[in-house]
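Now for the letters of each chain:
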Amino acid sequence: MILPSGNPERHVFGRWRFNADVGDLYDGDIITRLEPRVAKLLVHFLANQHKVISRDELIATVWENRIVSDDAINRCVSIIRQILSPEDKNAYIETVVRKGYLAHFPPAPQSEPPGAQPPQSRKYLLLSVFAGVAAIILYIAIGKVGESTREVREPASAGPPMVAVLPFTSAGQESESEFFANGVHNDLLTQLTKLQSMRVISSTSVMEYRNTEHNLRKIGEELGADVILEGSVQIAANRIRINAQLIDTRTDQHLWAESYDRELSPLNIFDVQSEIAHAIAEELHATLTAQDSQALTLIPTENMAAYRAYHRAMQYRNAPGTNLNEPEYRQALEEAVDLDPTFSRAWAELVSTLAYLNIDGDHPDMTLRAEQALQRLQAVAPGSADLLIGQAAYVYYALKDYDRAHDIISQALTMNPSDVNAVQLRSWIERRQGDFDAFVDSRKEARRLDPRNPVLTANVLNGLLLTHRYDEAWAETERSPLESFQTGYTQNLLLFRKHRDFKRLQKSMRELCHLFQEPDCGWDTHIAIRDYLGALASLDQPKDGFERPVISENNQRRLLTYWLMNDDALLRQELVQWQGQLKKDSEDAGDFQPRQPLIELALLAGIQGNADESGQLIERWLRQQPIDWAERSVTRHVACRVLGMIAATQAAVKCIRDGLAEPSYVTPFLEPYLPFYDPVRNEPEFMEMLADIDAGGPLR
């Protein structure tokens, strides 16, 4: 508040009284005289509380439009914060990302006389002393000068400190500056993923904070980040200017800031990124290993055209709704390695993409091209993390050697511990190995590195449901700040686990489906209450033509619904469309082909009344060696349903029991009560299983 007494100009807030005329700040015990610029800055904050104050505004008013660096402003703000609230730098002045500052000063206690003067007997520190000595001490305290007295920060969570790099802003020639801002941001994240002494949040989670008005403390809480790096890029006259600053998310303290003005070249860009990475490590008191230091000296490419092509590929890959099938993505990678045959990062991406494109065995030419690309990568980057990641993808997708792929990707992660894509690949390998505990742990690690990615949160929830860890899944939904279909579906399913009210489940699912346009939303709920017309209405319209290699989940659900309805006419239409292609797929299946056509053939055989053939096909599927745990875990419930529909009581009961003992979508509180098991529901063996489930016996 500004006192109405006129002269001298005094302000009273909290336990403080401030004489703006001379810069004296008095806390009831000590008078601190602020240097003139700091005093003027404090006056401006006091007069403009509860609104965002931009840096431009501060330059115009406090610095009178003089040329001033960001570091000068940061220094003055830090001095005020250190004096007023050393334990909580955010208490009086908050940083608003990319916007400026927000000041809020508490009112003075009611018992304090507004015009009270500090007694002359109090300790009194003059400007000459404070400016010459205390300012230096302040610098030391806030980490600007001297390492020995700085407080060592503990990370917000267990393990290495977490760093979030916000999207860099652009200035100058819009298209060029924006392109390079995105490129610098992507490259810097890639550099930081290699450091053993810290972890870095993935790009997906930070993108939502582009041009945001959230304050840094809130962003830090949402990301689980200890520090935030923000910056900007400007391109002009074949030069690049990069500004960066590092901020403590818990105290809002500016730990470090720097500007770089260089000639525009990949070499200079990567050199700046290396300097920034070193500065972050220094501020976090993180010791760089010899491996870290070597990784930061590597220059991925010095070819500007290759650099542009690679980052064009990354833009395709990171765009919402895209995947590795995008031809533009692959073509941009091929262009990058054509322009610079030593560009190992682009080669690794290309190997992974080509190997993935033949995952179903339909495109052997892609595997051949992946082998050739892997040989080139081996030649240009032996022993590198890029090579290991490319090898792991090739061995996983093309060779299906899961144990070897796991060894390779684990070695790669010792070199790139924050590579979220590598962590995800490891989780997929672990699922194929049947190591579902490790699979869930890897999914959690990927989500920690990319906490705002709804796909990764959905992956964690799916993994917990698959492994029957229902209490843990519920706790995850309670903690998750993200509103998504998977979060809502998991909550609805686990609430049903408690109340067992099908009508209530249907109502909550109807509300969820209204919020999210999810394929076939609500089908299973309609099936549960035997509303088959409603189940059909919930299914998306089938697509024309056959989608290799198996019947889509939509059409599988359609067939099951027709079967439950005993609608022979509709079933005949579906059978004509699908049966021939399914048999061909089954006959063509090799060692590395998906085995799901066996389940689809069992479904069709059961629909046609060939119960023995249907049961034999499912038994053949269960006996397949080696076990494809990924496919078995997500398909077992379909096999159980077919066995129930063909009235194979013993096999259906064993299928459900095994599904509850192993990872699967067979749930003890829902699956046995679905209409697929009506043909065997009154059989003694099935009733005994239900009694075991209700009693909480040997089943989970």
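Residues numbered from 1 in each chain as written. Predicted model: local features only at pLDDT ≥ 70, side-chain atom pairs only at ≥ 80, totals over all residues. Heavy atoms only, no water.

### Focus on the pattern of salt bridges
Here is step 1 of the chain: Tallying each qualifying case throughout the model produces 32 salt bridges.
Here is step 2 of the chain: Taking the shortest distance from any N to any O, the salt bridge between E619 and R623 comes out at 3.8 Å. Taken as a pair, E619 and R623 lie in helix α27 (residues 611-623) at a separation of four residues, close to a single helical turn.
Here is step 3 of the chain: Given a relative accessible area of 39%, E619 falls into the partly exposed group.
Here is step 4 of the chain: Taken together, the shared-partner salt bridges in this structure form one network comprising D437, K444, R469 and E472. (Salt bridge = Lys/Arg side-chain N within 4 Å of Asp/Glu carboxyl O. Helix = DSSP H or I, 4+ residues; strand = E, 2+ residues; numbered from the N terminus. Buried < 20%, exposed > 50% of the residue type's maximum accessible area, 1.4 Å probe, protein only.)

### Thoughts on the pairing of strand β4 (residues 30-33)
Here is step 1 of the chain: Pairing between strand β3 (residues 24-26) and β4: three bridges, direction antiparallel. Following the sheet pairing, D24 is matched in β4 by R33.
Here is step 2 of the chain: The antiparallel hairpin formed by β3 and β4 contains three residues in its connecting segment, where G28 sits at a positive phi of about 95°. (Pairing = 2+ DSSP bridges.)

### Structural notes on the environment of D340
Here is step 1 of the chain: Within the fold, D340 resides in the loop between α11 (327-339) and α12 (344-356).
Here is step 2 of the chain: Residue D340 is classed as buried on the basis of its relative accessible area, which comes to 9%.
Here is step 3 of the chain: C-alpha of D340 to C-alpha of A306: the two residues are 34 residues apart in sequence and 6.0 Å apart in space.
Here is step 4 of the chain: If we ignore the near neighbours within four places in the chain, the residues touching D340 are P300, T301, E302, N303 and A306.
Here is step 5 of the chain: A distance of 2.5 Å separates polar atoms of two side chains, one belonging to D340 and the other to T301.
Here is step 6 of the chain: At a separation of 2.6 Å, a polar atom in the side chain of D340 contacts the side chain of T342. (Contact = heavy atoms within 4.5 Å. Polar contact = N/O pair within 3.5 Å; in protein donor to acceptor, adjacent residues only side chain to side chain.)

### Topic: the packing of aromatic side chains
Here is step 1 of the chain: The tally for this structure, following the rule as stated, stands at 16 aromatic pairs.
Here is step 2 of the chain: Pairing Y92 with F105 gives two aromatic rings, centres 5.7 Å apart and planes at 35°, and the pair type is tilted. A residue pair is termed long-range when its members are at least 10 positions apart, and Y92 in the loop between α3 (70-84) and β6 (93-96) and F105 in the loop between β7 (100-103) and β8 (123-125) qualify at 13 residues.
Here is step 3 of the chain: An aromatic cluster of at least three residues, connected via ring pairs, comprises F179, F180, F270 and Y307.
Here is step 4 of the chain: The ring of W621 carries R632 above its face, with NZ or CZ at 5.9 Å from the centroid.
Here is step 5 of the chain: The ring of W629 carries the charged tip of R632 above its face, separated from the ring centre by 5.6 Å. (Phe/Tyr/Trp six-rings, centres within 6.5 Å; stacked < 30°, edge-to-face > 60°. Lys NZ or Arg CZ within 6 Å of the ring centre and 35° of its normal.)

### Let's talk about the environment of T301
Here is step 1 of the chain: With respect to the helices, strands and loops of the structure, T301 is situated in the loop between α9 (290-297) and α10 (304-318).
Here is step 2 of the chain: Discounting chain neighbours no more than four positions away, the residues touching T301 are P266, F270, A306, Y307, D340 and F343.

### As for the state of the cysteines
Here is step 1 of the chain: Summed over all chains, the structure comprises two disulfides.
Here is step 2 of the chain: Put simply, C513 and C521 are joined by a disulfide, and their sulfur atoms are 1.9 Å apart. Judged by the torsion about the S-S bond (-85°), the C513/C521 disulfide is left-handed.
Here is step 3 of the chain: What pairs with C640 in a disulfide is C655, and their sulfur atoms sit 2.0 Å apart. Linking C640 and C655, the disulfide has an S-S dihedral of approximately -90° and is accordingly described as left-handed. Here C640 is found in helix α28 (residues 629-645), whereas its partner C655 is found in helix α29 (residues 649-661), with 15 residues between them in sequence. Here C640 matches C655 in class, with each residue buried. (Disulfide = S-S within 2.5 Å.)

### Things to note about the pairing of strand β13 (residues 239-248)
Here is step 1 of the chain: Of all the 10 residues making up β13, eight are buried; the element is thus mostly covered by neighbouring parts of the structure.
Here is step 2 of the chain: The hairpin turn running from strand β12 (residues 227-236) into β13, its antiparallel successor, is two residues long, and A237 in that turn takes a positive phi close to 50°.
Here is step 3 of the chain: Sheet analysis places β13 next to strand β14 (residues 254-263), joined by nine bridges and oriented antiparallel. Looking across to β14, one finds that R241 is bridged to D261.
Here is step 4 of the chain: Between β13 and β14, which pair antiparallel and follow one another directly, the connecting turn spans five residues, one of which, D252, has a positive phi of 65°.

### Some words on the confidence of the model for the protein
Where the model shows low pLDDT, its predicted coordinates should not be examined in detail.
Here is step 1 of the chain: When pLDDT is averaged along the protein, the result is 82, and 85% of the positions lie at 70 or above.
Here is step 2 of the chain: By mean pLDDT, the top-scoring element of the protein is α29 (96), and the lowest-scoring one is helix α4 (residues 127-141) (37).
Here is step 3 of the chain: Taken as a whole, residues 589-595 scores under 50 in pLDDT and shows 15 contacts with residues more than four places along the chain or in a different chain. (pLDDT = per-residue confidence, 0-100.)

### Side note on unusual backbone geometry
Here is step 1 of the chain: Residue P626 is bonded to the preceding Q625 through a cis peptide linkage, with omega at -10°.
Here is step 2 of the chain: Along the chain, P626 turns up in the loop between α27 and α28.
Here is step 3 of the chain: Non-glycine residue R500 carries a positive phi angle of around 50°.

### Brief notes about the sheet that holds β7
Here is step 1 of the chain: Spatial strand order, β5-β7-β6: three strands in an open sheet with antiparallel pairing. Two strands close off the open sheet at either side, each with one partner strand: β5 (52-53) and β6.
Here is step 2 of the chain: Sheet topology note: the β6/β7 ladder contains four bridges and is antiparallel. Directly across from I93, in β7, lies its bridge partner A103.

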